[in-house]
Amino acid sequence: QVPLVESGGGLVQPGGSLRLSCGASGFTLDSYAAGWFRQAPGEERKGVSCISSSGDSTLYADSVKGRFIISRDNAKNMVYLQMNNLRPEDTAVYYCATAFGASCPGAHFGSWGQGTQVTVSS
């Protein structure tokens, strides 16, 4: 059973926007920090953003800061990544992950989704 399932990826033009969604199965997200990671072809997986269990604090990689917004709706058991002003360098498989505990610093992400492809190209 896949604990997390991402959706919302696709092909967009540079400057466009996408909203990724991550839904949890079999558990509730309110006790977990949640993060988004991405892996581009030939590159290592990198952290993109993280949000605390309550949604009160967030972290962003410098490469996406100001363009991406992470959010969550614990009532819906969902985590989101709003991606704006997309660039070709954002092309990657995006993964949702969770870490038990409230905060992002030092989080160990033990549950992962299968990934969703985001391609930014003209």
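The rules behind each value
Residues numbered from 1 in each chain as written. Predicted model: local features only at pLDDT ≥ 70, side-chain atom pairs only at ≥ 80, totals over all residues. Heavy atoms only, no water. Helix = DSSP H or I, 4+ residues; strand = E, 2+ residues; numbered from the N terminus. Rg over C-alpha atoms; globule rule 2.2 N^0.38 Å. Buried < 20%, exposed > 50% of the residue type's maximum accessible area, 1.4 Å probe, protein only. Contact = heavy atoms within 4.5 Å. Areas by Shrake-Rupley, 256 points an atom, 1.4 Å probe, with all protein chains shown as cover. Salt bridge = Lys/Arg side-chain N within 4 Å of Asp/Glu carboxyl O. Lys, Arg positive; Asp, Glu negative; His and termini not counted. Polar contact = N/O pair within 3.5 Å; in protein donor to acceptor, adjacent residues only side chain to side chain. Phe/Tyr/Trp six-rings, centres within 6.5 Å; stacked < 30°, edge-to-face > 60°. Lys NZ or Arg CZ within 6 Å of the ring centre and 35° of its normal. Disulfide = S-S within 2.5 Å. Core = buried A, V, L, I, M, F, W, Y, C linked by side-chain atoms within 4.5 Å.

A. Spatial organisation of the overall build of the protein chain. Secondary structure summary: the protein chain contains 0 helices and 11 strands in total. Counted from the first residue to the last, the protein chain has its helices and strands arranged as β-β-β-β-β-β-β-β-β-β-β. Here the C-alpha atoms of the protein chain give a radius of gyration of 13 Å, agreeing with the 14 Å that 2.2 N^0.38 yields for 122 residues. Once the C-alpha set of the protein chain is aligned to its principal axes, its extents read approximately 40 × 30 × 25 Å. Taken across its 122 residues, the protein chain has 43% of its residues classed as buried. The long-range share in the protein chain, meaning contacts at least 24 apart out of those at least 6 apart in sequence, stands at 58%. Here the protein chain displays about 6100 Å² of accessible surface, and carbon together with sulfur accounts for 48% of that area.

B. Main features of the pattern of salt bridges. All told, the structure shown has 3 salt bridges when counted by the stated rule. Here the residues in one salt-bridge network are Arg-38, Arg-67 and Asp-90, joined through shared partners.

C. Fine view of the side chain of Glu-6. Mapped onto the secondary structure, Glu-6 falls in strand 1 (residues 4–7). Buried charge without a salt bridge: Glu-6, with Arg-45 as the nearest opposite-charge side chain at an N-O distance of 8.8 Å. A polar atom in the side chain of Glu-6 sits 2.8 Å from the backbone nitrogen of Gly-115. Filtering out sequence-adjacent residues up to four positions away, Glu-6 remains in contact with Ser-21, Cys-22, Trp-36, Tyr-94, Tyr-95, Cys-96, Gly-113, Gln-114, Gly-115 and Thr-116.

D. Quick look at the packing of aromatic side chains. Going through the model one piece at a time under the given rule, you end up with 5 aromatic pairs. Centre to centre, the rings of Tyr-32 and Phe-100 are 5.2 Å apart; their planes meet at 75 degrees, and the pair counts as edge-to-face. Pair noted here: Tyr-32 is in strand 4 (residues 32–39) and Phe-100 is in strand 9 (residues 92–100), with a separation of 68 residues, a long-range link. Judged by centre distance (4.8 Å) and plane angle (50 degrees), the ring pair of Phe-37 and Trp-112 falls under tilted. Note that Phe-37 is positioned in strand 4 and Trp-112 in strand 10 (residues 111–112), a separation of 75 residues in sequence. With relative accessibility at 23%, the residue Trp-112 sits in the partly exposed group. Taking NZ or CZ as reference, Arg-45 lies 4.0 Å from the ring centre of Trp-112, over its face.

E. How the structure looks around the environment of Val-12. Here Val-12 shows up in strand 2 (residues 10–12). Between the alpha carbons of Val-12 and Pro-88 there is a distance of 9.3 Å; along the sequence they are 76 residues apart.

F. Expanded view of the state of the cysteines. Considering all chains together, one arrives at 2 disulfides under this definition. At a sulfur-sulfur separation of 2.1 Å, the disulfide partner of Cys-22 is Cys-96. Note on the Cys-22 and Cys-96 pair: the S-S dihedral is about -80 degrees, so by sign convention the disulfide is left-handed. One end of the pair, Cys-22, is in strand 3 (residues 18–24); the other, Cys-96, is in strand 9, with 74 residues separating them in the sequence.

G. Quick peek at the nonpolar core. Grouped together as the largest cluster of nonpolar side chains are 26 residues, with contacts concentrated most on Trp-36, Phe-68, Leu-81, Met-83 and Tyr-94. Here this core gets 4 residues from one element, more than from any other, and that element is strand 3. In contact with Leu-81, other than residues within four places in its own chain, are Leu-18, Arg-19, Leu-20, Trp-36, Val-48, Ser-49, Phe-68, Ile-69, Ile-70 and Tyr-94. Counting residues in each nonpolar core, the second largest holds 7 residues, with Ala-33, Phe-37, Cys-50 and Ala-99 among its members.

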